[in-house]
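# Analysis of the macromolecular model
Listed here are the chains, written in short residue letters.
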There are 2 protein chains.
Amino acid sequence: MPDGTGMGHAFTSVRWQRALAWVGQGVSVIDTPTLVIDLDAMDRNLARMAAFAAERGLRLRPHAKLHKSAELARLQMAHGAVGVCVQKTDEALALAHGGVGDIFISNEVIAPAKLARLAQAVRELPTRFAIAVDSALGIARLAAALAHAGVERPQAMDVFIEIDVGQGRCGLPPGGAAVALARQIGDHPALRFAGLQAYHGRAQHLRTLAERQQAIEGATQAVAATRDALTAAGIAVPLVTGAGTGSFPLEAASGVWGELQTGSYLFMDADYAANEPHPEAPAFEHALFIKTQVMSRGVDHAVCDAGHKSHAIDSGLPQVTFPDGLLYANGGDEHGLLRATEGGTPLPELGETVWLIPGHCDPTVNLHDALVGVRGGLAAGRVERIVRVDARGAAG
Amino acid sequence: MPDGTGMGHAFTSVRWQRALAWVGQGVSVIDTPTLVIDLDAMDRNLARMAAFAAERGLRLRPHAKLHKSAELARLQMAHGAVGVCVQKTDEALALAHGGVGDIFISNEVIAPAKLARLAQAVRELPTRFAIAVDSALGIARLAAALAHAGVERPQAMDVFIEIDVGQGRCGLPPGGAAVALARQIGDHPALRFAGLQAYHGRAQHLRTLAERQQAIEGATQAVAATRDALTAAGIAVPLVTGAGTGSFPLEAASGVWGELQTGSYLFMDADYAANEPHPEAPAFEHALFIKTQVMSRGVDHAVCDAGHKSHAIDSGLPQVTFPDGLLYANGGDEHGLLRATEGGTPLPELGETVWLIPGHCDPTVNLHDALVGVRGGLAAGRVERIVRVDARGAAG
């Protein structure tokens with residue numbers, strides 16, 4: 001039962017929901033709109049990223065904010081990932097309760113109620129948890145929460161100090177500001193200073209390679225300045241962790257980052273596909289699609305059943321990947337408008353399936369309770385698994 | 001169990017979820033980010049809309065795509081609404097299983113699997129269902145689905161023909177195109193031609209009253225032309241249904257619409273608040289808020305824990321309603337950036353609560369499994385009820 005500490009607990013929720021699909025079903029019978037994973041493409045992306053990191057001796061800690069799925073997190077760890085990242089306490093708890101064994105909240109948590117939930121999990125679950133900090137208050141509250149929950153073992157949690165490497169959001173300024181916080185972490189036996197969290201979010205979607213190189217050069221200098229200040233203060237920096245699908249070859253080549261937090265590579269989306277690629281980046285494939293169908297027809301347009309309650313449009317509208325020659329225009333929350341890009345392209349008829357690539361994969365997944373995993377391709381494959389989005393909506 | 005007809009069924013889903021709040025809790029203890037309903041404001045909005053319709057002898061059928069909640073739908077019906085509207089089959093089924101007794105799918109459904117689910121519900125549940133059509137194929141498939149499900153009673157479902165009154169999405173062209181479909185509906189004893197669905201979605205957010213007046217004048221002519229064509233063909237039009245929160249005084253004054261489908265009035269949002277109001281429109285209040293808190297601080301900005309996985313930004317960013325003097329800027333999926341609008345405004349400190357008004361209420365609600373209803377205001381009120389978003393994610 002809930003109490004004043006706000007600690008979470010599992011509960012059974014009975015709510016009417018349609019059976020999304022069943023294992024063995026042909027792709028053509030999957031109802032719409034549905035998020036479908038091309039598992040063959042996903043497996044290739046998974047292997048490419050794992051190989052990239054392994055070949056360079058880098059740790060891979062994929063960001064699970066993309067899929068919010070305990071099953072996919074465990075799959076990534078089975079292929080060599082050291083664990084996963086999340087952004088929120090409740091994502092961490094949902095995945096830990098789903099059996100994920102190593103979770104880094106790559107974000108700050110300073111609310112006592114959230115830290116109490118986390119500390120209870122640190123005490124009770126086998127998962128190893130890590131967290132980011134950027135304030136003295138956050139460190140003090142974390143230590144207090146662990147103590148209150150009765151966590152006595154030394155170095156129960158890894159703590160990374162976040163540095164603002166150019167995004168202008170969370171994190172300390174580069175340089176000496178990290179010294180005081182690193183010392184404060186060292187005052188608490190339950191905490192281990194594990195290094196620096198350095199992620200340049202805005203750089204990920206800079207279209208040209210030159211822009212991204214410039215951004216990560218700036219990030220590298222910020223990290224180096226901070227590391228030098230800590231070293232000068234006698235504090236070793238065990239690890240620098242960060243990077244995203246748009247920038248990771250740059251962090252990898254810098255010699256500064258030891259761990260990559262790429263997330264979107266697993267599924268890809270239209271926004272990332274629009275980036276000028278880095279020559280060393282693996283050629284990730286689109287693996288996440290929206291299956292939709294036409295439910296109304298006009299003379300010059302068709303209407304499909306996928307609107308922006310089915311896919312996130314914060315980074316642009318979805319693109320039609322099949323059939324050829326169609327452009328998707330905004331049709332509101334529950335509809336999409338399809339028009340021919342050239343005069344001769346036939347519009348799909350009532351009931352015809354259309355496949356879309358989402359504009360932005362992470363928030364698109366967050367709109368769905370489950371994803372349908374298909375083996376053997378979208379044309380003639382079969383449903384192999386239903387992937388539950390365990391941490392769907394978990395923003396607390 | 002699922003079978004080839006794709007019929008839905010209830011199932012128990014066990015997934016880790018944090019207890020969102022508990023009845024009796026003070027507002028200050030609600031964790032973040034959370035969608036909070038100011039129940040006092042909501043009740044006033046509910047009463048104002050009910051009074052507007054009643055005073056004019058108009059039917060009120062609120063659109064439940066806003067709240068997707070069986071509880072709120074039943075509350076609206078307890079205050080005089082004849083039923084509710086939804087956009088999708090699975091919304092209808094979720095709300096019917098939640099005890100809502102009259103549901104109009106104000107949208108076309110032509111997929112046999114969806115119609116089979118609907119037909120099963122028509123046969124088995126006490127709910128009265130209605131649907132919109134805009135194609136001969138849709139009517140034929142609907143009739144076939146009802147027959148296949150063994151629905152034998154006459155006029156088991158009301159059917160509205162949708163007319164495109166200027167939105168350019170679904171619906172027949174105005175005028176005589178409706179005659180053939182109305183005759184086709186009349187061929188099926190299980191169906192009753194109930195009138196015309198006429199909704200101008202794009203008009204709702206036209207900022208000036210003059211623009212909205214022009215749009216609804218066009219819509220009125222389209223409906224009148226269609227009604228005249230049907231009358232000339234000897235087919236009576238029992239009802240014209242449509243209108244939204246942005247336009248409804250115009251449809252009400254036209255003498256053509258007999259039923260209003262306003263939805264967003266119950267909660268309001270920043271986008272609707274930006275419209276030039278109609279002099280006859282009730283002064284609806286904001287009743288839906290995002291409670292968020294500061295989790296990181298910079299010199300010139302604060303970071304809160306509500307990003308666009310917590311609130312939809314398709315129609316603009318949220319606005320800060322408390323404290324004064326802050327502007328919300330996009331901080332990504334899981335964060336928001338808060339800056340002072342004027343030099344002297346103090347930024348909120350770590351842990352301080354900030355209240356936001358969402359840009360667009362419908363898709364914001366759809367991101368959450370439940371809403372926390374507070375009585376007695378946001379400053380010092382208490383949690384009175386947790387409103388489950390029964391049809392969250394139901395887009396099929």
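Residues numbered from 1 in each chain as written. Chains lettered and ligands numbered in written order. Predicted model: local features only at pLDDT ≥ 70, side-chain atom pairs only at ≥ 80, totals over all residues. Heavy atoms only, no water.

Overlay of chain B on chain A (RMSD 0.0 Å): rotation 180 degrees, translation along the axis 0.0 Å. Interpreted geometrically, this transformation is the action of a two-fold axis. A symmetric contact is evident, with 99% of the interface residues of chain B recurring at the interface of chain A. (Least-squares fit on C-alpha atoms with pLDDT ≥ 70 in both. Contact = heavy atoms within 4.5 Å.)

Our focus in this paragraph is the environment of R74 of chain B. Residue and element names in this part refer to chain B. Within the secondary structure layout, R74 lies in helix α2 (residues 70–78). Separated by 28 residues in the primary sequence, R74 and D102 place their C-alpha atoms 9.6 Å from one another. R74 has contacts with G98, G99 and V100, leaving out every residue within four places of it along the chain. (Helix = DSSP H or I, 4+ residues; strand = E, 2+ residues; numbered from the N terminus.)

A few words now on the sheet that holds strand β5 (residues 102–108) of chain A. Residues and elements named next belong to chain A. An order of β3-β10-β9-β8-β7-β6-β5-β4 is seen for the eight strands of this open sheet, with the pairing classed as parallel. Each edge of the open sheet carries a strand with a single partner, namely β3 (59–60) and β4 (84–86). Here helix α6 (residues 177–186) sits on the sheet in contact with β6 (128–133), β7 (157–162) and β8 (191–198), set at roughly 170 degrees to β7. (Pairing = 2+ DSSP bridges. Axes fitted to C-alpha atoms, helices over the stretch in contact; angles between N-to-C directions.)

Per the UniProt record, "domain: D-serine dehydratase-like" (unreviewed entry) is annotated on residues 287–375 of chain A. Measuring from the first to the last C-alpha atom of residues 287–375 of chain A gives 11 Å, for a span that is 6% helix and 43% strand. (UniProt positions renumbered as here; feature names shortened; annotations may be inferred.)

Further remarks concern helix α1 (residues 39–55) of chain B. Residue and element names in this part refer to chain B. The first and last C-alpha atoms of α1 sit 24 Å apart over 17 residues, in line with the 24 Å expected at 1.5 Å per residue. Listing the buried residues of α1 in full gives L39, A41, M42, N45, L46, M49, A50, F52 and A53. One face of α1 carries all of its buried residues, which in axial projection span an arc of 165 degrees. Exposed and facing more than 90 degrees away from the buried side of α1 are A54 and E55. Capping of α1 at its N-terminal end is provided by D38; its side-chain oxygen lies 3.2 Å from the backbone amide nitrogen of D40. (Expected span 1.5 Å × (residues − 1). Buried < 20%, exposed > 50% of the residue type's maximum accessible area, 1.4 Å probe, protein only. Arc of directions from axis to C-beta. Polar contact = N/O pair within 3.5 Å; in protein donor to acceptor, adjacent residues only side chain to side chain.)

As a further point, take the side chain of D271 of chain B. Residues and elements named next belong to chain B. Mapped onto the elements of the fold, D271 is located in helix α9 (residues 270–273). What makes D271 buried here is its relative accessible area of 8%. A distance of 2.7 Å separates polar atoms of two side chains, one belonging to D271 and the other to H205. Non-local contacts of D271, meaning those with residues more than four positions away in its chain, are made with H205, R207, S315 and G359.

Here the focus is the interface of chain B and chain A. Contacts between chain B and chain A engage 75 residues on the former and 74 residues on the latter. The junction of chain B with chain A conceals about 6200 Å² of combined surface from both sides, 55% of it contributed by carbon and sulfur atoms. It is R15, W16 and R169 of chain B in chain B that bury the most area against chain A; as a group they hold 13% of the surface buried on that side. Taken together, the links from chain B to chain A amount to ten salt bridges. (Buried area = accessible area lost by both parts, 1.4 Å probe. Salt bridge = Lys/Arg side-chain N within 4 Å of Asp/Glu carboxyl O.)

Attention now moves to the sheet that holds strand β4 (residues 84–86) of chain B. Residue and element names in this part refer to chain B. Taken in spatial order, the eight strands of this open sheet run β3-β10-β9-β8-β7-β6-β5-β4, and their pairing is parallel. Every other strand in the sheet has two partners, leaving β3 (59–60) and β4 as the edge strands with one partner each. As paired elements, strand β6 (residues 128–133) and strand β7 (residues 157–162) share four bridges and run parallel to each other. Counterpart to A130 in the pairing with β7 is D158.

Residues and elements named next belong to chain B. Following both chains from N to C, one finds helix α5 (residues 136–148) and helix α6 (residues 177–186) inclined at 10 degrees, their axes separated by 10 Å at the closest point. As far as their axial angle goes, α6 and α5 are roughly parallel. Packed against α5, whose contacting residues are A136, I139 and A140, the element α6 presents L181, Q184 and I185 at the interface. In terms of residue class, the contact of α5 with α6 is built from five nonpolar, one polar and no charged. (Parallel < 35°, antiparallel > 145°, perpendicular 65-115°, else oblique. Nonpolar A, V, L, I, M, F, W, Y, C, P; charged D, E, K, R; others polar.)

Another point: the pattern of salt bridges. For the coordinates displayed, the defined rule picks out 58 salt bridges over all chains. Linking R18 of chain B and D90 of chain A is a salt bridge whose minimum nitrogen-to-oxygen distance equals 2.6 Å. Note that R18 of chain B is positioned in the loop between β1 (11–15) and β2 (34–38) and D90 of chain A in helix α3 (residues 89–97), a pairing that runs across two chains. Residue D90 of chain A is classed as buried on the basis of its relative accessible area, which comes to 3%. Its salt-bridge partner being D31 of chain B, residue R18 of chain B comes within 4.0 Å of it at the nearest N-O pair.

On to the packing of aromatic side chains. A full pass over the atoms with the stated rule returns ten aromatic pairs over all chains. An angle of 90 degrees between the planes, with centres 6.5 Å apart, marks the rings of F289 of chain B and W355 of chain B as edge-to-face. Taken together, the positions of F289 of chain B in strand β11 (residues 288–297) and W355 of chain B in strand β16 (residues 353–357) put the pair 66 residues apart, joining distant regions of the chain. Assessed through its relative accessible area of 6%, W355 of chain B is described here as buried. Three or more aromatic residues joined by ring pairs form one cluster here, namely F52, F248, Y265 and F284 of chain A. Lying over the aromatic face of F52 of chain A, R56 of chain A brings its terminal NZ or CZ to 3.6 Å of the ring centre. (Phe/Tyr/Trp six-rings, centres within 6.5 Å; stacked < 30°, edge-to-face > 60°. Lys NZ or Arg CZ within 6 Å of the ring centre and 35° of its normal.)

Turning to the pairing of strand β14 (residues 326–330) of chain B, a few remarks are in order. As a general feature of sheets, a regular strand has side chains that alternate between the two faces. Residue and element names in this part refer to chain B. Summarising the sheet, β14 and strand β15 (residues 336–340) pair through five bridges and their orientation is antiparallel. Bridge pairing in β15 places L327 opposite R339. Connecting the antiparallel pair β14 and β15 is a turn made up of five residues, with G332 showing a positive phi of about 105 degrees.

This paragraph deals with the pairing of β5 of chain A. Residues and elements named next belong to chain A. Counting buried positions along β5 yields seven of seven residues, so the element is predominantly enclosed. Sheet topology places β4 next to β5; three bridges connect them, and they run parallel. When the sheet's bridge partners are listed, C85 is paired in β5 with F104. Regarding the hand of the β-α-β motif, the stretch spanning β4, α3 and β5 is right-handed. Here β5 runs beside β6; their pairing, made up of five bridges, is parallel. Across the sheet, the residue bridging to F104 is A130, located in β6. In this view, the connection linking β5 to its parallel neighbour β6 by way of helix α4 (residues 112–124) has right-handed handedness. (Right-handed = clockwise from strand over helix to strand, strands pointing away.)

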